Amino acid sequence: MVGYGGFAETAAGVVVRREVPAPELVLLISLGEPLALVRDGVAVRADAALVGIGRGPVEAAHGGRQSVLEVRLSPLAAGALFGVSASEPAERIVDVGELWPGTPELVERLRADAGWAERFARVEDVLVARAERGRAADPVVAGSWRQVVDSRGDLAIGALHEHSGWSRKRMARRFRAEIGLTPKAMANLVRFEHAVDLLRRPGRRSLAEVALWCGYCDQAHFNREFKEHAGCTPTAFLAGLGLDAPGRDMAAAGRPTPRISKTGTSHPPTVE
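This text gives an overview of the structure that appears in the document.

Definitions and cut-offs
Position labels on residues start from 1 in each chain and follow its written sequence. Residues qualify for local features only when their pLDDT is at least 70, as the model is predicted, and side-chain atom pairs are given and counted only at 80 or more; totals for whole chains, interfaces and linings, by contrast, use all residues. Computation of side-chain values covers all heavy atoms of the structure but excludes hydrogens and water. Between 30 and 60 degrees the pair is tilted, below 30 it is stacked and above 60 it is edge-to-face, where a pair is any two Phe, Tyr or Trp rings, Trp via its six-membered ring, whose centres lie within 6.5 Å. We count a stretch as a helix when DSSP gives it H or I for four or more residues in a row; a strand needs E for two or more, and each element gets its number in order from the N terminus. Under the scheme applied here, a residue whose accessible area is under 20% of the maximum for its type counts as buried, over 50% as exposed, and between as partly exposed, the area being computed with a 1.4 Å probe on protein chains only. Charged-residue counts in this description rest on Lys and Arg as positive and Asp and Glu as negative, His and the chain ends being excluded. Counted as salt bridges are all cases of a side-chain nitrogen of Lys or Arg within 4 Å of a carboxyl oxygen of Asp or Glu. Polar contacts, as counted here, are pairs of nitrogen or oxygen atoms within 3.5 Å of one another; within protein the pair requires one atom able to donate a hydrogen and one able to accept it, and residues that are adjacent in sequence qualify only if both atoms are side-chain atoms. Only heavy atoms matter for contacts: two residues are in contact if any of them lie within 4.5 Å across the pair. The arc refers to the directions leading from the helix axis to the C-beta atoms. By this definition, two strands are paired if DSSP reports at least two bridges between them. Lines are fitted to the C-alpha atoms to define the axes, a helix being fitted only along its stretch in contact, and any angle between axes, read from their N-to-C directions, falls within 0 to 180 degrees.

So, about the packing of aromatic side chains. Across all of its chains, the model carries 7 aromatic pairs by this definition. Between F192 and F226 the ring centres are 5.0 Å apart and the planes differ by 65 degrees, which places this aromatic pair in the edge-to-face class. Of this pair, F192 sits in helix α7 (residues 183-200) while F226 sits in helix α9 (residues 219-230), and the two are 34 residues apart along the sequence. Considering the side-chain rings of F226 and F237, the 5.4 Å spacing of their centres and the 65 degrees angle between planes classify their relative orientation as edge-to-face. Taken together, the residues F226 in helix α9 and F237 in helix α10 (residues 234-241) connect sequence positions 11 residues apart. Residue class for F226 comes out buried when judged on its relative accessible area of 0%. A relative accessible area of 10% means that F237 is categorised as buried. Members of the aromatic cluster, connected to one another through ring pairs, are F192, Y216, F222, F226 and F237.

Topologically, R119 is positioned in helix α3 (residues 116-133). Buried and unpaired, R119 has no salt bridge, with D113 as the nearest side chain of opposite charge at 5.3 Å. Among the polar contacts listed, one links the side chain of R119 to the backbone oxygen of L110, at a separation of 2.9 Å. Ignoring any residue separated from it by four or fewer positions in sequence, one finds R119 in contact with L31, L69, L110, R111 and D113.

Of all the positions in α10, only P234, F237 and L238 are classed as buried. Seen end-on, α10 carries its buried residues on one side only, within an arc spanning 100 degrees. Of the surrounding elements, those touching the buried residues of α10 are α7, α8 (207-214) and α9.

All right, on to unusual backbone geometry then. Unlike most non-glycine residues, D40 shows phi in positive territory, near 50 degrees. You can see D40 is positioned in the loop between β4 (35-39) and β5 (42-46). Note on D40: relative accessible area 60%, which makes it exposed. The phi dihedral of R152 falls on the positive side, at around 60 degrees, and the residue is not glycine. If you trace the backbone, R152 turns up in the loop between α4 (139-150) and α5 (158-164). Overall, the relative accessible area of 44% leaves R152 in the partly exposed class.

Before going further, it helps to examine the sheet that holds β5. With antiparallel pairing, the 4 strands of this open sheet are ordered in space as β2-β7-β4-β5. At either end of the open sheet lies a strand with only one pairing partner, and these are β2 (15-19) and β5. The mean angle between the axes of side-by-side strands here comes to 20 degrees, regardless of whether they run parallel or antiparallel. Of the strand pairs in this sheet, β4 and β5 are connected by 5 bridges, and their pairing is antiparallel. By the bridge assignment for β5, R39 is matched with V42.

Such coordinate-based values are descriptive only and should not be taken to indicate function.
Written out as structure tokens, the structure is:
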């Protein structure tokens, strides 16, 4: 598990938000009305959805009131948790009910729980139990994925081939089959996430500094890749940060420290 959190939002009317892609799987469970999500023109309405790793944004909407539990998961855990590799939901949004037969019962229990801490504990118990029974990811692919993440996407892809002993073609094929994207596409997405994180920080650097810091060749390269992932330029993204829908209340948040292992050990959630 990479991290988790929960939020509740109330607004005067319909809220539509464009969410930028992440280099992790995102499990969303609604505690109220069903989720309404769109990716690449395909709409999904479900009580629980798995947002696969993809290069483009996801549009999320609700009628004015929403409460959601969100869990970010490593793509390496997909086989253990969902019985499929991360390539199966890549570039898509999947109704979790198609992967977990007991999803309706889980959602109802989460809605009945007294608070976020109780919900986090319940979800973590479910994930740990599934991880104990599931399959582990390919160790070579897992090591390559961690190199990409640890470098924040700023690395020479050739280093992965040298480290693994695989050819470029074999690495691309095996990595994509396990993770959902090629190593290069994943590196671009991880680098984009780093740029987004820097842009969201108070007292942020200039766009030119962010581009340089994240390893983009120049401002044009930064703008081009940012637009591919976010659906807008960095300048438009920054303008949108100040216009985010009012009424959003991050009721609870788990720090990105919880981990689930094959032995079932994990760190408890931190509630803020």
